[in-house]
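Working through the structure, step by step
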Amino acid sequence: VNHFRQDSNNIITVEPPFQNLVFEDASTPSPEQETSEPSQYSEEFHLDRCEVNIKEIYIKLKNEFLNAKSTLRFNPVKYYVGVRDIRNIAAIRFYKRKLLLECHLSEDKVNSESKHHKFRLRAGRGPMVEIDDTSHWDEIQQLIAILVEVHQVKTYI
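Described below are features of the structure shown in this document. Model, not experiment: these values are computed from the prediction. (Residues numbered from 1 in each chain as written. Predicted model: local features only at pLDDT ≥ 70, side-chain atom pairs only at ≥ 80, totals over all residues. Heavy atoms only, no water.)

**Observations regarding the packing of aromatic side chains**
Definition in use: Each pair of aromatic rings taken from Phe, Tyr and Trp, with Trp reduced to its six-membered ring, is defined by centres within 6.5 Å and is described as stacked if the planes are under 30 degrees apart, edge-to-face if over 60, and tilted in the remaining cases. Accessible area is worked out with a 1.4 Å probe on protein chains only. A residue is then buried under 20% of its type maximum, exposed over 50%, and partly exposed in between. Only Lys NZ and Arg CZ are tested; either one counts as a charge over a ring when it is within 6 Å of the ring centre and within 35 degrees of the ring normal.
Counting across every chain of the model gives 3 aromatic pairs. Where Phe65 meets Phe74, the ring centres are 6.2 Å apart and the plane angle is 75°; that geometry is what we call edge-to-face. Residue Phe65 is classed as buried on the basis of its relative accessible area, which comes to 0%. Assessed through its relative accessible area of 15%, Phe74 is described here as buried. Looking at Lys62, its charged tip hangs above the ring of Phe74, at a distance of 5.1 Å from the centre. Directly above the ring of Tyr95 sits Lys98, whose terminal nitrogen or CZ lies 5.6 Å from the centroid.

Structure below.
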């Protein structure tokens, strides 16, 4: 699409011509999407290099998310496992002796909920909470509840 403007005159061109575009029903996936190959990354891919207690923490963390909202999906990609509703609400990054829970929330909310956990900020990412044990798990539960609540999809009738 090209848009040209001079004073109050506008010219908009579309290549290919708008009449030649094929529109499909947005609710039905195209055949290419249905036959796409599964990702080479999995939860096991990330957990293989972690210590046993980190694997247990991940399972507990995943259960907390699913208890908060059972329709959440876990999307493993190369560097993290995304926690998705309609869009990503969090990312879990794996290290040998810890997990980083990257929250798609404001820095103030995350910092106020994670008083006993290390807190990190990095440019271009959401605030992260370091989890290396299950002490003060109530803070993590509260943070997950806030994450799910803030990212609830609102439907209007």
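Read on, since the account is not over.
**Some words on the nonpolar core**
Selection criterion: Here, the term nonpolar core denotes a set of buried Ala, Val, Leu, Ile, Met, Phe, Trp, Tyr and Cys residues that are joined through side-chain atoms within 4.5 Å. Numbered from the N terminus, helices here are DSSP runs of H or I no shorter than four residues, and strands are runs of E no shorter than two. Any two residues whose heavy atoms approach within 4.5 Å are treated as being in contact.
Leu61, Phe65 and Leu101 are the most contacted members of the largest nonpolar core, which totals 29 residues. Put simply, the parts of the chain that give this core at least two residues each are α3 (52–68), β4 (81–84), β5 (88–94), β6 (99–103), β8 (128–131) and α5 (137–150). Looking at this core element by element, the count peaks at 7 residues for α5. Residues within four places of Leu101 in sequence aside, it is in contact with Leu61, Phe65, Ala90, Ala91, Ile92, Pro127, Met128, Val129, Ile131 and Leu143.

**Focus on the sheet that holds β5**
Stated precisely, the cut-off is as follows: In short, DSSP must find at least two bridges between two strands for them to pair.
In spatial order, the strands read β3-β4-β5-β6-β8-β7; together these 6 strands make up an open sheet with antiparallel pairing. Of all the strands in the sheet, just β3 (73–76) and β7 (119–120) have a single pairing partner and so form its edges. Of the pairings in the sheet, the one linking β7 to β8 comprises 2 bridges and is antiparallel in character. Counterpart to Phe119 in the pairing with β8 is Val129.

**Observations concerning α3**
Here is the rule we go by: A helix is expected to span 1.5 Å multiplied by its residue count minus one. For this quantity, the arc is that covered by the directions from the helix axis to the C-beta atoms.
Spanning 17 residues, α3 covers 25 Å between terminal C-alpha atoms, matching the ideal 24 Å at 1.5 Å per step. When we look at burial in α3, the residues that qualify are Ile54, Ile57, Tyr58, Leu61, Glu64 and Phe65. In a view along the axis of α3, the buried residues occupy a sector of 125°, so they form one face of it. The exposed set on the far side of α3, more than 90 degrees from its buried face, consists of Val52, Glu56 and Asn67.

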